[in-house]
Amino acid sequence: MTIDVTDATFEEVVLNSDKPVLVDFWAEWCGPCRMVTPIVKELAEEYGDKAVITKMDVDSNPGTSVKFGIRNIPTILFFKNGEIVDKQVGAVPKTILASKLDALL
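All residue numbers refer to positions counted from 1 along the written sequence of the respective chain. Only residues with pLDDT of at least 70 get local features here, since the model is predicted, and only at 80 or more are side-chain atom pairs given and counted; chain-wide, interface and lining totals rely on the full set of residues. Here the side-chain values reflect all heavy atoms present in the structure, with hydrogen atoms and water set aside.

The chain appears in an unreviewed UniProt entry as Thioredoxin from Plebeiibacterium sediminum. UniProt positions are given in the numbering used here, feature names are shortened, and annotations may be inferred rather than shown by experiment. In UniProt, the chain has this text filed under Sequence similarities (unreviewed entry): "Belongs to the thioredoxin family."

**As for the UniProt feature "active site" (unreviewed entry) in the chain**
If you check UniProt for "active site" (unreviewed entry), the listed places come out as Cys30 and Cys33 in our numbering. Think of it this way: any DSSP run of H or I at least four residues long counts as a helix, any run of E at least two long counts as a strand, and we number them from the N terminus. Tracing the chain through its elements places Cys30 in the loop between strand E2 (21-26) and helix H2 (31-47). Between buried and exposed lies partly exposed: a residue is buried under 20% and exposed over 50% of the maximum accessible area for its type, with that area taken using a 1.4 Å probe on protein chains only. Given the relative accessible area of 4%, Cys30 is considered buried. Any two residues whose heavy atoms approach within 4.5 Å at even a single point are treated as in contact. When residues no more than four places from it in sequence are discounted, the contact partners of Cys30 are Ile73 and Pro74. Within the secondary structure layout, Cys33 lies in helix H2.

**A look at the side chain of Thr54**
Here Thr54 is to be found in strand E3 (residues 52-57). Not counting residues within four places of it along the chain, the set of residues in contact with Thr54 comprises Ile3, Val5, Val13, Val14, Val21, Leu22, Val23 and Asp24.

Shown next, in the form of structure tokens:
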């Protein structure tokens, strides 16, 4: 199951995690974001407790989006030890996101 993060919970959930973290920056009105959502949910089920899979609504959480320079959505950032280690902009197949996650495990 994905975790919805907010500006208020981002540091605790993402930056302080001891596991790799995927953050899907999205918005309700974004068509490509809706294409990525089922993929992100599948990854959350498959990776279980090996990684933290999160979603952040950019409209509701502008602070974090601005801080990380999110200009296009969907943007997926990959964090390890509180640092961005990879990035994917736009809708892509599940295999690409899974390979980026696998590289962090």
